[in-house]
Amino acid sequence: MIGKTYSEINLGDSARFSKTVTEADVILFAGVTGDLNPAHIDEAYAQGTFFKTRIAHGMLSAGFISAVIGTRLPGPGTIYMHQSLNFLAPVAIGDTVTAVVEVVEKIEEKGRIRLKTTCVNQKGTTILDGEALVSPPRPPK
């Protein structure tokens, strides 16, 4: 199965993915990436920070955007080419993050799609935003 091809995608199309961030997610992400910043993994340290508790890695939330692009819109077979990110609010363990992508431009000469990318928490607070450039899957021959 492949995702939507260029001709199947319309301006305004959107898709989303939601996940509640768990303790295990944060620890596993730290281990996989090597980002052992104590703001993420050491509660005693984190209590002395601006946030007063541990926060999830910003790139963990950004990864949820990749999940939408690779599985929903455009979907399987998509090539992720560029992503800009603005980190706007922290994600605490237990927060539910919803990543949303929306088609804002179709670039016909290259067959690429520009997406508005956003993640919000369960309170509706935008935790990050940005834009992605992707190459949707090609139609089967």
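Above this text is the structure in question.
Keep in mind that this is a model prediction, so the values were computed, not measured.

With the rule as written, the count across this model stands at 2 aromatic pairs. Summarising the aromatic geometry, the rings of F17 and F64 are spaced 5.9 Å apart at their centres and angled 50° between planes, so their arrangement reads as tilted. With F17 in strand β1 (residues 14-20) and F64 in helix α4 (residues 58-71), this pair connects stretches of sequence that are 47 residues apart. Look at F64 and you get buried, because its relative accessible area is 7%. Ring geometry for F50 and F51: centres 5.3 Å apart, planes at 80°, overall edge-to-face. On the accessibility criterion, F50 (74% relative accessible area) is exposed.

Right, let's get into the nonpolar core. Within soluble globular proteins, side chains that are nonpolar generally end up buried alongside one another. If you look at the biggest cluster of nonpolar residues, it comprises 26 residues, and the most contacted ones within it are V21 and L115. Of all the secondary-structure elements, those providing two or more residues to this core are α1 (23-33), α4, β3 (96-107), β4 (112-120) and β5 (126-135). No other element matches α4, which puts 6 residues into this core. Once you skip the residues sitting within four places of it in the chain, L115 turns out to touch I69, L73, V101, E102, V103, V104, G130, E131, A132 and V134.

Moving on: the side chain of D25. Mapped onto the elements of the fold, D25 is located in helix α1. When near neighbours in sequence (up to four residues on either side) are disregarded, D25 contacts K19, T20 and L60.

Before going further, it helps to spend a moment on a nonpolar patch on the surface. On the surface, a nonpolar cluster with roughly 250 Å² of combined accessible area is contributed by I27, L36 and I41. Structurally, I41 is set in helix α2 (residues 38-41). The partly exposed category is assigned to I41, whose relative accessible area is 33%.

Now for the pattern of salt bridges. Going through the model one piece at a time under the given rule, you end up with 6 salt bridges. D13 is the salt-bridge partner of K4, the closest N and O atoms lying 3.7 Å from each other. Judged by relative accessible area, which is 34%, K4 ranks as partly exposed. Salt bridges sharing partners connect three or more residues here, namely E23, E43 and R54.

A few words now on the sheet that holds strand β2 (residues 79-87). The 5 strands are arranged β1-β3-β4-β5-β2 in an open sheet whose pairing can be described as antiparallel. Edge positions in the sheet fall to β1 and β2, since each of these pairs with one other strand and no more. Direction aside, neighbouring strands of the sheet carry axes that sit 20° apart on average. Where β1 meets β3, 7 bridges bridge the pair, whose relative direction is antiparallel. Within β3, the residue paired with R16 across the bridge is V100.

Reading guide: rules and limits
- Residues numbered from 1 in each chain as written.
- Predicted model: local features only at pLDDT ≥ 70, side-chain atom pairs only at ≥ 80, totals over all residues.
- Heavy atoms only, no water.
- Phe/Tyr/Trp six-rings, centres within 6.5 Å; stacked < 30°, edge-to-face > 60°.
- Helix = DSSP H or I, 4+ residues; strand = E, 2+ residues; numbered from the N terminus.
- Buried < 20%, exposed > 50% of the residue type's maximum accessible area, 1.4 Å probe, protein only.
- Core = buried A, V, L, I, M, F, W, Y, C linked by side-chain atoms within 4.5 Å.
- Contact = heavy atoms within 4.5 Å.
- Patch = residues over 30% accessible without salt bridge, like charges linked within 9 Å, V, L, I, M, F, W, Y side chains within 5 Å.
- Areas by Shrake-Rupley, 256 points an atom, 1.4 Å probe, with all protein chains shown as cover.
- Salt bridge = Lys/Arg side-chain N within 4 Å of Asp/Glu carboxyl O.
- Pairing = 2+ DSSP bridges.
- Axes fitted to C-alpha atoms, helices over the stretch in contact; angles between N-to-C directions.

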